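# Fold and geometry: a report
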Amino acid sequence: MRHRGRVLALLPALFAATLQPSPARAAAAPLPTGAHSLESLNFPGRYVRQADGLAGIAPVTSASGAQDKKDATFTVIPGLASPACYSFQATNGLFLRHRDWRVRLEANTGTPTFRQDATFCPTEGSTTGSVTFTSYNYPDRRLRHRDFGLWLDPNESTAQFKADSTFRLTEPWSPKTTKGPLIPGLYADPHLTRFGGTYYLYPTTDGYASWASPSYQAFSSTDLVHWTAHGTILDLGPDVSWADNSAWAPAVVAKNGRYYLYFSGGAATGDTGKHLGVAVSDSPTGPFHDALGKPLIRSGSYAGQAIDPMVFTDTDGRSYLYWGNGSAHVVPLNADMTSFDPAAVRTITPSGYREASFVFERNGVYYFMWSENDTRDENYQVAYATGTSPLGPFTRRGVILQKRLEDGIKGTGHHSVVKAPDSDTWYIAYHRFAVPAGNGTNREVALDRLTFAADGSINPVVPTL
Ligand code: FUB
């Protein structure tokens, strides 16, 4: 039996509309994400930890070795199967997941089964501040320790079961010495932008085999450090008649007092092409509605895949749509932001171009940027060109962001650039393979400063952990 966990009382109101209430489940406060350890309630001093690919509870003290402390530390992230629940990623990148009712540490394959097996929904524990975890896909089972191993056992009402299945989230035994990803969890293709004094982040939701995620989420921040999750802003299946998968690389722009979300989606009817659509909302955090009821650009209309949209609005108010994979295209958008003159489409593919076009202007110079190589390749990287108009011509300037193996940083690409208000301070958001054990479908979002030399060229970005 596979069905959604029901933890309505735990959830931010944003998620409430999509889940069914369950009176059987006790409320628990949302968990803090980030690095933590999980202490057993009835065996204080024993913590959930990994050993030989299996999870159990074992003693950890301040005198324990660094590896033991690392093995008892997990990053709590929004659940791989549902942001309403949680997943736990060990410091070696593996996730807690159940298989054959045993709780194990395994790499995320991105399949629906893995993501569900690695997602746990909190309910209130037997004492204040403690928590128990219900399986997302088997809601009649909970995480509990037995013979110091961690299992997914059928829920019982006995005092023994309650104690064995109750944990406290504590400070991590292995404290983080790095800033970590910009937002916890697996996300890619970050479109970071600013509307007024608030930054908004629109990523691809990652961790799915073949990047199959069906929906988009939004996040906001006023300081680029503390982020608020706004939940799902567009869910292709129910919200878009012509697509139900491959919700890749969104871009959001404000115009005409409204917000336009450009996105790509795989057809609901089985053909494998990706189409490019546009959705509209009165709020930057949605909900967004398909503006056309059909793709803005159908798969196959132009060379390359119809993916990775980006909109740049020039100082004269004219907006330009860029997109492409293999070939880079640009076209001025009509004032309605949902149409263009097909005869005006230009192909501006620079050498090395793979995808992820991004354009901004600074001091009259137009910077056209893109990603090179395959997103599954650790050599995925960002390059740029400059020109004197949004349509080019552009002159290639070179690569400004690439892997940094000495810090375990790989696959740095699909970026966006944003300027802080009233300043010449710029930031670059990009994704990388999740550190330490990610890959081209398990990516995370990072942020660094983007700086310029006196001649206006972009200084190489040193990606930081
Ligand atoms: O996230 C799915 C795809 O991977 C994007 O569309 C590409 O730019 C690459 O990052």
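Each value, and the rule that gives it
- Residues numbered from 1 in each chain as written.
- Predicted model: local features only at pLDDT ≥ 70, side-chain atom pairs only at ≥ 80, totals over all residues.
- Heavy atoms only, no water.
- Helix = DSSP H or I, 4+ residues; strand = E, 2+ residues; numbered from the N terminus.
- Buried < 20%, exposed > 50% of the residue type's maximum accessible area, 1.4 Å probe, protein only.
- Contact = heavy atoms within 4.5 Å.
- Areas by Shrake-Rupley, 256 points an atom, 1.4 Å probe, with all protein chains shown as cover.
- Near = heavy atom within 4 Å.
- Polar contact = N/O pair within 3.5 Å; in protein donor to acceptor, adjacent residues only side chain to side chain.
- Nonpolar A, V, L, I, M, F, W, Y, C, P; charged D, E, K, R; others polar.
- Salt bridge = Lys/Arg side-chain N within 4 Å of Asp/Glu carboxyl O.

## Quick look at the overall build of the protein chain
Across its full length, the protein chain carries five helices and 31 strands. With respect to the principal axes defined by its C-alpha atoms, the protein chain has extents near 70 × 45 × 40 Å. Burial statistics for the protein chain: of 465 residues in total, 57% are counted as buried. Put simply, of all contacts in the protein chain between residues at least 6 apart along the chain, 49% involve residues at least 24 apart. When the accessible area of the protein chain is evaluated, it comes to approximately 18400 Å², of which 50% is carbon and sulfur surface.

## Considerations on the site of the ligand
Every one of the 13 residues lining the ligand counts as a neighbour, but Asp189, Asp308, Glu355, His414 and Arg443 are closest to it. In this structure, His414 approaches the ligand through a side-chain N or O atom, which is 2.6 Å from an oxygen atom. Within the contact set of the ligand, an oxygen atom lies 2.7 Å away from a side-chain nitrogen or oxygen of Arg443. Relative to its unbound accessible area of 280 Å², the ligand is 98% covered by the protein chains. Its residues assigned to classes, the shell around the ligand comprises five nonpolar, four polar and four charged.

## Quick word on the pattern of salt bridges
With the rule as written, the count across this model stands at 20 salt bridges. Close ionic contact of Asp374 with Arg376 constitutes a salt bridge, the shortest N to O distance being 2.9 Å. The partner of Arg404 in a salt bridge is Asp407, and the shortest N-O contact between them spans 3.0 Å. One network of salt bridges, in which partners are shared, links Arg97, Arg99, Glu106 and Asp117.

The analysis is restricted to geometry; functional conclusions fall outside its scope.
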